[in-house]
Amino acid sequence: MNSILEVKNLNKSFKDFSLKNVSFSLPRGFIMGFIGPNGAGKSTTIKLIMNLLKKDSGEIKVFGLDNIKNEKEIKNKIGFVYDENYFYEELTISEMKNVIAPLYKFWDKDAFDKHIKNFELSPKKKIKDLSKGMKMKFSLAVALSHGAELLIMDEPTSGLDPLVRGELLDILSFLIQDENKGVFFSTHITSDLDKTADYITLLHNGEVLFSTAKDELLDSYTIIKGDKKLLNEAVKQNFIGIKENSFGFEGLLRDRNSIKTLFKDNVIVEKPTLEDIMLYSTRRSLND
Ligand code: ADP
Ligand code: MG
């Protein structure tokens, strides 16, 4: 398969946390949302991909190349938008650009100017006077000006107002019209993914709970509501997670094709949102 990003059995342990056999693969031409609660290990995974941290074991391939052996070549073609600020606060946008541009093999001056203008950023403004949204847009302008084939972003939407968030997500959808490109971004906000993402990888406590095409997830997973009498241990095994109260139960069923066999017509069936899927998936493994 022609993966633009492939992570296989990645392991990394800190004192109180480990990433455990993290695996996923993003084909060219698509957007993958990397989702999970705070502390799930998203930033750690992204730092390992960018070789900002040393892995314990596993394999990371970008453009089919080993991410460490071919680091320089790979990074020329990655647009990286990072959660933490890595710019010099005292420089202006224009000065900072002059520091960054020569670091890349390829730099499209016109593209940069165009993005800065579209984002309504003033080149004379100092980095320290930019809001979080403006810094993100500046990072994005840089990422889009050196011919990057793969965008990797760590929580690019966090702390942005809804308008700017919408703009960013539109830019990603536009970018991906080029079937050669790929976007991988982490978020803990599921609504970022509803419109934008093609694939979703859910990380929880350092483990991948699933990595699947979004449509497949939304088509197969189903919310079921019914009387508690319908539940026994065998039936419960078919659920990702179940909530019970005095009136009845609500649960996320893994495979909608099993509804008839399990419940005949005695339950209410609803389509889940990504938020439902994330909440049920992470709640269940908390109970395990
Ligand atoms: P996320 O980005 O999903 O919120 P992180 O990858 O930042 O999660 O962190 C996952 C866990 O790893 C957290 O419990 C965090 O405290 C821990 N962690 C991250 N970096 C380090 C480090 N350099 N040393 C020790 N623990 C770390
Ligand atoms: Mg993080």
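Looking at an unreviewed UniProt entry, one finds the protein chain named ABC transporter ATP-binding protein, with Clostridium tanneri as its source organism.

Caption draft 1: Focus on the overall build of the protein chain. Within the protein chain, the regular secondary structure consists of eleven helices and 14 strands. Going through the 288 residues of the protein chain one by one, you find that 48% of them count as buried. Across the protein chain, the fraction of contacts at a sequence separation of at least 24, relative to all contacts at a separation of at least 6, is 68%. Carbon and sulfur atoms provide 50% of the accessible area of the protein chain, an area that totals close to 14600 Å².

Caption draft 2: Quick look at the sheet that holds strand β4 (residues 57-62). The four strands lie next to each other as β2-β1-β4-β5, forming an open sheet whose pairing is antiparallel. Sheet topology places β2 (18-27) and β5 (65-66) at the edges, where each strand pairs with a single neighbour. Note that β4 and β5 share two bridges and pair antiparallel. Of the residues in β5, the one forming a bridge with lysine 61 is aspartate 66.

Caption draft 3: Local environment of the pattern of salt bridges. One pass over the full model with this rule turns up 18 salt bridges. Lysine 42 is paired through a salt bridge with glutamate 155; the nearest N and O atoms lie 3.8 Å apart. With lysine 42 in helix α1 (residues 42-49) and glutamate 155 in the loop between β7 (150-154) and α6 (162-175), this residue pair connects regions lying 113 residues apart in the sequence. The residues lysine 42 and glutamate 155 share a single accessibility class, namely buried.

Caption draft 4: The arrangement of the nonpolar core in detail. In terms of nonpolar packing, the biggest core is built from 45 residues, with Phe138, Leu140, Leu151, Leu172 and Val183 touching the most fellow members. Among the elements that take part in this core, helix α5 (residues 132-143) stands out by supplying six residues, more than any other. Built from parts of two domains, this core gets at least three residues from each of domain 1 (3-213) and domain 2 (221-287). Leucine 151 has contacts with Gly79, Leu140, Ala143, Leu144, Leu172, Leu175, Gly182, Val183 and Phe184, leaving out every residue within four places of it along the chain. In terms of nonpolar packing, the next biggest core, distinct from the first, is built from 27 residues, Met32, Leu48, Tyr82 and Leu150 among them.

Caption draft 5: Representation of the domain arrangement of the protein chain. The domain architecture assigned to the protein chain consists of domain 1 (3-213) and domain 2 (221-287). Distance between the C-alpha centres of domain 1 and domain 2: 35 Å. Taken together, the contact pairs twelve residues of domain 1 with nine residues of domain 2. Here domain 1 and domain 2 share an interface that buries about 810 Å² over both sides, 74% of which is from carbon and sulfur atoms. Broken down residue by residue, the surface that domain 1 buries against domain 2 is led by Thr190, His204 and Phe210, which jointly contribute 49%. Viewed at the interface, domain 2 and domain 1 are joined by two residue pairs in polar contact (both at pLDDT 80 or more). Sorting the residues of the side of domain 1 that touches domain 2 by element identifies α7 (191-196), β9 (199-204) and β10 (207-213) as the ones contributing at least two each. For the side of domain 1 that touches domain 2, the leading source of residues is β9, giving three residues. A breakdown of the residues in the side of domain 1 that touches domain 2 according to their chemical character gives seven nonpolar, four polar and one charged.

Caption draft 6: Expanded view of the sheet that holds strand β13 (residues 249-253). Strand order in the open sheet formed by four strands is β12-β13-β11-β14, and the pairing between neighbours is antiparallel. Edge positions in the sheet fall to β12 (239-244) and β14 (268-270), since each has one partner strand and no second. The sheet shows a mean angle of 20° between the axes of neighbouring strands, taken without regard to direction. Direction of pairing for strand β11 (residues 222-226) relative to β13: antiparallel, over a ladder of five bridges. For isoleucine 224, the partnering residue across the bridge sits in β13 and is glycine 251.

Caption draft 7: Spatial organisation of the side chain of lysine 55. Inspection of the secondary structure assignment puts lysine 55 in the loop between α1 and β4. Within polar-contact distance, the side chain of lysine 55 engages the backbone oxygen of glycine 58 at 3.2 Å. Not counting residues within four places of it along the chain, the set of residues in contact with lysine 55 comprises Leu10, Asn11, Lys12, Leu48, Ile60, Asn67 and Ile68.

Caption draft 8: Layout of α1. Counting buried positions along α1 gives six out of eight residues, so the element sits mostly inside the fold. Those residues of α1 that fall on the buried side of the exposure criterion are Lys42, Thr44, Thr45, Ile46, Leu48 and Ile49. One or two residues past the end of α1 sits asparagine 51, with phi positive at roughly 60°.

Reading guide: rules and limits
- Residues numbered from 1 in each chain as written.
- Chains lettered and ligands numbered in written order.
- Predicted model: local features only at pLDDT ≥ 70, side-chain atom pairs only at ≥ 80, totals over all residues.
- Heavy atoms only, no water.
- Helix = DSSP H or I, 4+ residues; strand = E, 2+ residues; numbered from the N terminus.
- Buried < 20%, exposed > 50% of the residue type's maximum accessible area, 1.4 Å probe, protein only.
- Contact = heavy atoms within 4.5 Å.
- Areas by Shrake-Rupley, 256 points an atom, 1.4 Å probe, with all protein chains shown as cover.
- Pairing = 2+ DSSP bridges.
- Salt bridge = Lys/Arg side-chain N within 4 Å of Asp/Glu carboxyl O.
- Core = buried A, V, L, I, M, F, W, Y, C linked by side-chain atoms within 4.5 Å.
- Domains from an automatic or database assignment.
- Buried area = accessible area lost by both parts, 1.4 Å probe.
- Polar contact = N/O pair within 3.5 Å; in protein donor to acceptor, adjacent residues only side chain to side chain.
- Nonpolar A, V, L, I, M, F, W, Y, C, P; charged D, E, K, R; others polar.
- Axes fitted to C-alpha atoms, helices over the stretch in contact; angles between N-to-C directions.

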